[in-house]
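Spelled out, the chains give:
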Amino acid sequence: MYEERAARLDGAVVWTRTLGPAAGPSARPVLPDGCMDLIWADGRLLVAGPDTRAYVPEIPAVVYAGVRFAPGEAPGVLGAEASELRDRHVDLADLWGARTARRLADEVTGAADRAAALERLVLRRAAGAPPPDPLLRAVVARLRAGGTVGAAAAETGLGVRRLHRRSLAAFGYGPKTLARILRLQRALALVTAGVPYAVAAHRAGCTDQAHLAREMRALTGMTLTAYAAGSRSA
């Protein structure tokens, strides 16, 4: 069972997930979404970096709680550039030290509401972190709405090369990759809602259904049909 709600941290989401016996030996794949997560998983605190491909844990935890940061928001809170964590899932101890990570994990584990405890941890950390870059927030908003990288670079005054450099630290990859991932997420939201593939592709900004199918395979290793079937059974 999966549930989520808006977090008190701007743009973030608090989520929980419990896997039952029907989940089998592995969980459903987590598809790239441009985000990073701080995760409590069966007593451990983990950081999920920005993915460029689908991720499935080999031995999934049974109970999860997480805070999902909006694209570009996690590095300031976690104290690590996103490019260092691209396509990686690491123990929080690797970033904050074993003693601190163990203390915080115990704090969350012992809480009656683990998701709320994890959210409080993130809020404390965010209070002492540098504020998010408003220009990169504007870039994310532009790309999320279907704008081009060139237009986003021009509107923010960053220029394409400078935007690329800053994107690596904030998002873990360049703005073109982020734009592709956000476009795919728009298309999959439509597919999940029952919109035909060709229509979803057009509305999301793909050239055609074949373009969407290629992006789906490139970024997730899945077909649209397999994704739709998994969404219906979830």
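Structure: see above.
Because the structure is a prediction, the values reported are computed rather than measured. Within each chain, residue numbers correspond to sequence positions counted from 1 in written order. Reporting in this predicted model follows two pLDDT cut-offs: at least 70 for local features of residues, and 80 or more for side-chain atom pairs to be given and counted; totals over whole chains, interfaces and linings ignore these cut-offs and use all residues. Note that water and hydrogens are dropped before the side-chain values are worked out from all heavy atoms of the structure.

(A) Up close: the overall build of the chain. Summing up its helical and strand segments, the chain has 11 helices and six strands in all. As defined in this context, the radius of gyration uses C-alpha atoms, and a globule is described by 2.2 Å times the residue total to the power 0.38. Taking 2.2 N^0.38 as the reference for a compact globule, 234 residues should give roughly 17 Å; the C-alpha atoms of the chain span a radius of gyration of 18 Å, in line with that estimate. In terms of principal-axis extent, the alpha carbons of the chain reach across some 50 × 45 × 25 Å. Burial status follows relative accessibility: with a 1.4 Å probe on protein chains alone, a residue under 20% of its type maximum counts as buried, one over 50% as exposed, and anything between as partly exposed. Expressed as a percentage of the 234 residues in the chain, the buried residues total 44%. Partitioning the contacts of the chain with sequence separation of at least 6, the portion at a separation of at least 24 is 67%. Exposure was quantified through the Shrake-Rupley algorithm and a 1.4 Å probe, taking into account, for residues, occlusion by the shown protein chains and nothing else. Counting every atom, the chain has about 11800 Å² of accessible surface; 54% of that belongs to carbon and sulfur. Here the chain carries 31 positive and 22 negative side-chain charges, and the mean point of each set is 4 Å from the other. For helices the rule is a DSSP run of H or I covering at least 4 residues; for strands it is a run of E covering at least 2, with both sets numbered from the N terminus onward. Contact definition: two residues touch when any of their heavy atoms are within 4.5 Å. Lys and Arg are tallied as positive, Asp and Glu as negative. Neither His nor the chain termini are counted. Charge positions come from single atoms, namely NZ of Lys, CZ of Arg, CG of Asp or CD of Glu.

(B) Main features of the state of the cysteines. In what follows, a disulfide is any cysteine sulfur pair within 2.5 Å. For the coordinates displayed, the defined rule picks out zero disulfides. Free of any disulfide, Cys-35 has its nearest neighbouring cysteine sulfur in Cys-206, separated by 19 Å. Cys-206 gets classed as buried once you look at its relative accessible area, which sits at 6%.

(C) Seen up close, the pattern of salt bridges. Throughout this description, the term salt bridge denotes a Lys or Arg side-chain nitrogen within 4 Å of a carboxyl oxygen of Asp or Glu. For the coordinates displayed, the defined rule picks out 15 salt bridges. Note that Arg-183 is salt-bridged to Glu-215, the shortest N-O span being 2.9 Å. With Arg-183 in helix 8 (residues 175–192) and Glu-215 in helix 10 (residues 209–220), this residue pair connects regions lying 32 residues apart in the sequence. Each member of the pair, Arg-183 as well as Glu-215, carries the same accessibility label: buried.

(D) Here's a closer look at the sheet that holds strand 2 (residues 13–18). Strands are treated as partners if at least two bridges between them are detected by DSSP. Here six strands make up an open sheet; going across it, the order is 1-2-5-3-4-6 and the pairing antiparallel. What marks the edges here is a single partner per strand, and that holds for strand 1 (2–6) and strand 6 (89–91). Mean inter-strand twist for the sheet, computed between neighbouring axes without regard to direction, equals 20 degrees. Axis definition: a line fit to C-alpha positions, over the contact stretch in the case of helices; interaxial angles, taken between N-to-C directions, run 0 to 180 degrees. Against the sheet, helix 4 (residues 114–127) contacts strand 1, strand 2, strand 3 (36–41), strand 4 (44–48) and strand 5 (63–69), and its axis sits at roughly 35 degrees relative to strand 5.

(E) Focus on the side chain of Asp-51. When you line up the elements, Asp-51 lands in the loop between strand 4 and strand 5. Despite its burial, Asp-51 remains without a salt bridge, the nearest opposite charge being carried by Arg-53 at 6.9 Å. Apart from residues lying up to four places away in sequence, Asp-51 is in contact with Val-30, Pro-32, Asp-87, His-89, Tyr-173 and Ile-181.

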